[in-house]
Amino acid sequence: MNNRTRQDILKLVEEEDVEFIRLQFTDIFGQLKNVAITSSQLEKALDNRCMFDGSSVEGFLRMEESDMYLYPDYSTFNIFPWRPQQGKVARLICDVYCPNGEPFEGDTRYILKRAIAEAEKMGYAFDVGPECEFFLFHTDENALPTTITHEQAGYFDMGPIDFGENARRDMVLTLEEMGFEIESSHHEIAPAQHEIDFRYGEALKTADNIMTLRLAVKTIAKRHGLHATFMPKPKHGMNGSGMHINMSLSKDGKNIFSDGTDGNGLSKEAYYFIGGLVKHMKGMTAVTNPLVNSYKRLVPGYDAPVYIAWSASSKSPLIRIPSVRGESTRIELRCPDPSANPYLALAVCLQAGLDGIRNKIEPPKSIDRNIFEMSNEERAAAGIESVPGTLIEAVRELEKDEFIKDALGKHVAEAYIDAKKREWNDYRAQVTEWEIDKYLYKF
């Protein structure tokens, strides 16, 4: 993470002819928000004097306590490559503060910072590498999104079969111009589905980068006349989009998950971290998979993991240990999807893992076979449970897990649970096309 100063930013804005600066922050549902200012107001913003109405953001504040302040993180200054080169547009990612100068407990970036601070107290640094999947669909004559695609490409296909290749190329080049180190990009398993992977890094920077990637991908897709969606399961009968999270802890610059003397190459801390994830997985799922639609992806038959288990060889469990070892040893959580608020998702993953380490929570025995091919009886005998099957089940599990609610903080936990219950009630009141097709002619 760079160490820009206030003076560095003022100088860059002048030298690069930046006219507009977007002060960005993220709400509890993972939606990117911003207050735009002109360069003439930049010094005021850098002095943390830029105010906004917090009551206008769902899940933030009530009307009678609405004044909030944006504190820019200088290290996140970046110029948008896709905006005009005269009168350029830049952004600063901000933390949200209360008028009394205290961090706002509903700021999800602060919640991740708090989790990172817990790890630092134990001497650990938390590194994360996400795998971000998305779909590219056509838009209609009014430039509104559809779920239409004319391609039939699959895993690792290339043009001309992959119709989105040029758009994906521009996305990668744009992200690299913004300072990303893109490790790979490719077509995914479903038609019109793509993945862009950037290099792992410190957790806060990674969460910031996920939010930036979403914005860049959607913006560049629109320039190509396409709509990019991170919706987990936009089409029936096709694989959905995931956001696998690869995690490691280091101490004094050394990966503490690695132990060459162990049969799996894993340390005690790695096993305990897995134990914490397994223990809290049901309570975390409402955060890692936050939409009604998320649970249309988490069904057997489409590669998405649904069984709470781990393995160093099979890819079917929820938690996988990739084959690389030594300093590259990591734990991969495969259930999260790209609609999740990355700050909250990484915060609950880290806190659950740390709980495992603190309390020496042993994980269950590894399941080194294809869980999807096991019978119900075999899974029951092995003690394998499933993640919640619907959003409301996940919310109820979250309500029961006091540790995960504490990790989120009282404000966010209450606001999040209330909003997700309303979302579920809205959904279950709908009459779907499936119901019409299934029942109208019968009854």
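Keep in mind the model is a prediction, meaning the values are calculated, not measured.

Calculation rules
- Per chain, residues are indexed from 1 in the order of the written sequence.
- Where totals are concerned, whole chains, interfaces and linings use all residues; where local detail is concerned, this predicted model gives features only for residues with pLDDT of at least 70, and gives and counts side-chain atom pairs only at 80 or more.
- Heavy atoms from the whole structure form the basis of all side-chain values; hydrogens and water molecules are not counted.
- The helix count covers DSSP runs of H or I at least four residues long, the strand count covers runs of E at least two residues long, and both are numbered beginning at the N terminus.
- Exposure is judged per residue with a 1.4 Å probe applied to protein chains only, and the accessible area is read against the type maximum: over 50% gives exposed, under 20% gives buried, and values in between give partly exposed.
- Residues are treated as being in contact if the distance between any of their heavy atoms lies within 4.5 Å.
- All accessible areas in this document rest on Shrake-Rupley with a 1.4 Å probe, and a residue is counted as covered only by the protein chains that are shown.
- Expected helix span is taken as 1.5 Å per residue step, with the number of steps being one fewer than the number of residues.
- Nitrogen and oxygen atoms within 3.5 Å of one another constitute a polar contact, given that in protein one can donate a hydrogen and the other can accept it, and given that sequence-neighbouring residues count only through two side-chain atoms.
- We define a salt bridge as a contact between a side-chain nitrogen of Lys or Arg and a carboxyl oxygen of Asp or Glu at a distance within 4 Å.
- Two strands qualify as a pair provided DSSP detects at least 2 bridges between them.
- Axis angles are defined between N-to-C directions and span 0 to 180 degrees, where every axis is a line fitted to C-alpha atoms and, for a helix, only to the segment in contact.
- In these notes the angle categories are as follows: under 35 degrees is roughly parallel, over 145 is roughly antiparallel, 65 to 115 is roughly perpendicular, and the rest is oblique.
- We call a crossing left-handed when the near helix sits turned anticlockwise from the far one by less than a right angle, and right-handed when that turn is clockwise.

Right, let's talk about the overall build of the protein chain for a bit. When helices and strands are counted, the protein chain shows 13 helices and 18 strands. Projected onto the principal axes, the alpha-carbon positions of the protein chain cover approximately 70 × 60 × 45 Å. Expressed as a percentage of its 443 residues, the buried residues of the protein chain come to 53%. Considering only contacts within the protein chain whose residues lie at least 6 apart along the sequence, 69% involve residues at least 24 apart. Looking at the protein chain as shown, the accessible area adds up to about 20,200 Å², and 48% of this sits on carbon and sulfur atoms.

Once that is clear, we can look at helix H5 (residues 203-223). Taking 1.5 Å per residue, 21 residues should reach 30 Å; H5 reaches 30 Å between its end C-alpha atoms and fits that length. In terms of residue burial, H5 counts as a mostly covered element, since 15 of its 21 residues are buried. The backbone nitrogen of Leu204 lies 3.1 Å from a side-chain oxygen of the residue at the head of H5, namely Glu202. Downstream of H5 by one or two residues, Gly225 has phi in the positive range, about 75°.

For the rest of this paragraph, the subject is helix H8 (residues 342-358). The end-to-end C-alpha separation of H8 is 24 Å, in line with the 24 Å expected for 17 residues at 1.5 Å each. For H8, the tally of buried residues reaches 16 of 17 residues, placing the bulk of the element in the interior. A distance of 2.9 Å separates the backbone nitrogen of Tyr343 from a side-chain oxygen at the start of H8, and that oxygen is part of Asn341. Within two residues after H8, Lys360 carries a phi angle of roughly 50°, on the positive side.

If the charged atoms of two oppositely charged side chains come close together, the side chains can form a pair. Using the criterion set out here, one finds 27 salt bridges in the structure. Salt-bridge contacts for Lys113 lead to Asp95; the nearest nitrogen and oxygen are separated by 2.8 Å. Note that Lys113 is positioned in helix H3 (residues 108-121) and Asp95 in strand E6 (residues 88-97), a separation of 18 residues in sequence. Take Lys113: its relative accessible area is 31%, and that puts it in the partly exposed class.

Right, let's get into the side chain of Arg109. Tracing the sequence through the fold places Arg109 in helix H3. Judged by its relative accessible area of 2%, Arg109 falls in the buried class. What Arg109 contacts, discounting residues up to four positions off in sequence, is Asp73, Thr76, Ile93, Cys94, Asp95, Leu204, Asp208 and Tyr343.

What follows is about the pairing of E6. Of all 10 residues in E6, 10 are buried, a share of seventy percent or more. Both faces of E6 are covered, namely the face carrying Lys88, Ala90, Leu92, Cys94 and Val96 and the face carrying Val89, Arg91, Ile93, Asp95 and Tyr97. The sheet contact formed by strand E1 (residues 18-26) and E6 spans six bridges and is parallel. For Gln24, the partnering residue across the bridge sits in E6 and is Ile93. As paired elements, strand E4 (residues 67-72) and E6 share four bridges and run antiparallel to each other. Residue pairing across strands places Tyr71 opposite Asp95, the latter belonging to E6. Sheet topology note: the strand E5 (residues 78-79)/E6 ladder contains two bridges and is antiparallel. Counted as the bridge partner of Ile79 is Ala90 from E6.

Running from N to C, H5 and H8 cross one another at 150°; their axes reach a closest spacing of 9 Å. Taken together, the axes of H5 and H8 lie roughly antiparallel to each other. As H5 packs across H8, the resulting crossing turns out to be right-handed. Here Ala203, Leu204, Thr206, Ala207, Asp208, Ile210, Met211 and Arg214 of H5 lie close against H8, whose contacting residues are Pro342, Tyr343 and Leu346.

Attention now goes to unusual backbone geometry. Of note in this structure, Asn48 is not a glycine but carries a positive phi near 65°. If you trace the backbone, Asn48 turns up in the loop between helix H2 (42-46) and strand E3 (50-53). With a phi angle near 50°, Lys360 is a residue other than glycine that sits in the positive phi range. Secondary-structure assignment places Lys360 in the loop between H8 and helix H9 (376-381). Overall, the relative accessible area of 56% leaves Lys360 in the exposed class.

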